[in-house]
Amino acid sequence: MTLAIDLTGRTILVCGVARGGIGGATCRQLAKAGATIIALDKDEALIAPTVEDVEALGGTIHPMVVDLMDKAACETVIAKVFDRFGTLHGMANVAGGTREGEWMPLDETPTDSFWQTFQLNLGYIFTLCRDAAKTWIAREERGALVNVSSVSSLTSAPWHGPYGAAKSGITALTRTMANEWHEFGIRANSVLPGAVYTERVMTRVASENVVQGSEQNFAMPEELANAIVFLLSDLASGISGQSLTVDRSLSTKFCAGARKSRKQLEAEKQEA
Ligand SMILES: NC(=O)c1ccc[n+]([C@@H]2O[C@H](COP(=O)([O-])OP(=O)(O)OC[C@H]3O[C@@H](n4cnc5c(N)ncnc54)[C@H](O)[C@@H]3O)[C@@H](O)[C@H]2O)c1
């Protein structure tokens, strides 16, 4: 006997689906669970490799090109989803991150840059979740929402203050979604990645030579995807308004200190 996550017959919208990221992994894991996927990103070329992956797994996936920085375009997403596909059972808002050239001290941060970070990491999530909930309530349908925040919402990190503030906003807003929409059968949770081996982050690590020594705390995109898929599924029917940290314990480390691995201890013994 097995206990499997079964999303057969469910249509899930995933925002931010690049192959090398958490969203791409979420699409692949959703396909394995039997869901039909609507894959949203700002550029067709970013969606195509994930479509290829999902189809290779035998899954069904529909691309949708939307620039989530465009507030007017965000207002039309959920209506378009229901027009085109007639249904929606859940949504994973994975799109986000820090933009090129955005890392700087707060006292040097231009106002425009602050609000752009907020649109990409909080604003679009408000718009899409509001519209999905409104539609589900009107149609008397249930739904599940998962919003990707960050451990940056738990503590501060220099040079990306607006990002941490927006990610904190996600966890706060998601709790309110759970509170206000519970009676309509709508669940909302947030997932907090620590450091993840995604293409975007690894390119940055390589170019800026940061986080040396903390690689053992890096999670794989699939580990985040599994948490997202679980929270979208009926196995999580009792969970709403929660923030699930998936960071291989990174956020428990004071100054990123770590116990030595057995391998390191053995190597040291041999050297002595
Ligand atoms: N990777 C990490 O270490 C890490 C850590 C903490 C939080 N996160 C969060 O996880 C999420 C995914 O990050 P990732 O590392 O997988 O990066 P990623 O770059 O692979 O994923 C971000 C996705 O958002 C899409 N996107 C960006 N701007 C967009 C726009 N204007 N319109 C539509 N789509 C847009 C990108 O094309 C991409 O598919 C982000 O919200 C990020 O803040 C990641």
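Position numbers for residues count from 1 along each chain, tracking the sequence in the order it is written. The predicted nature of this model means local features are confined to residues of pLDDT at least 70 and side-chain atom pairs, given and counted, to a pLDDT of 80 or more, with totals for whole chains, interfaces and linings taken over all residues. Hydrogen atoms and water are omitted, and side-chain values are computed over all heavy atoms in the structure.

Student: Quick question: what am I supposed to make of the site of the ligand here?
Tutor: In the vicinity of the ligand, 29 residues are found, and the nearest of them are Ile22, Asp41, Tyr163, Val196 and Thr198. Here a polar contact is recorded for every N or O atom pair within 3.5 Å, except that within protein the pair must consist of a potential hydrogen donor and a potential acceptor, and residues adjacent in sequence are included only if both atoms are side-chain atoms. At 3.3 Å, a backbone N or O of Val17 approaches an oxygen atom of the ligand. One of the backbone N or O atoms of Ala18 is found 3.0 Å from an oxygen atom in the ligand. For the accessible areas, the method is Shrake-Rupley and the probe is 1.4 Å, while residue cover comes only from the protein chains on display. Starting from 810 Å² of accessible surface for the ligand in isolation, the protein chains cover 93%. Looking at the shell around the ligand, the elements with two or more residues in it are α6 (161-181) and α7 (199-208). Only Asp, Glu, Lys and Arg are considered charged, only Ala, Val, Leu, Ile, Met, Phe, Trp, Tyr, Cys and Pro nonpolar, and every remaining residue, Gly among them, polar. Classifying every residue of the shell around the ligand by side-chain character gives 16 nonpolar, eight polar and five charged. We call a residue near a molecule or strand as soon as one heavy atom of that residue lies within 4 Å of the molecule or strand. Secondary structure elements are defined from DSSP: runs of H or I of at least 4 residues count as helices, runs of E of at least 2 residues count as strands, and each element is numbered from the N terminus.

Student: Looking at this structure, how should I read the pairing of strand β1 (residues 11-15)?
Tutor: Where a strand is regular, its side chains alternate between the two sheet faces. Using a 1.4 Å probe on the protein chains alone, a residue whose accessible area is under 20% of its type maximum counts as buried, one over 50% counts as exposed, and one in between counts as partly exposed. Of all five residues making up β1, five are buried, and the element is well covered by its neighbours. The alternating pattern of β1 places Thr11, Leu13 and Cys15 and Ile12 and Val14 on opposite faces, both of which are buried. Taken together, the five bridges between β1 and strand β2 (residues 36-41) define a ladder with parallel strand orientation. Residue pairing in the sheet places Thr11 in a bridge with Thr36 of β2. Here a crossover is taken to be right-handed if, once the strands point away from the viewer, the path from the first strand over the helix to the second is traced clockwise. Running through helix α1 (residues 22-32), the crossover from β1 to the neighbouring parallel element β2 is right-handed. The sheet contact formed by β1 and strand β4 (residues 90-93) spans four bridges and is parallel. By this definition, two strands are paired if DSSP reports at least two bridges between them.

Without other data, these values stay purely geometric and don't point to any function.
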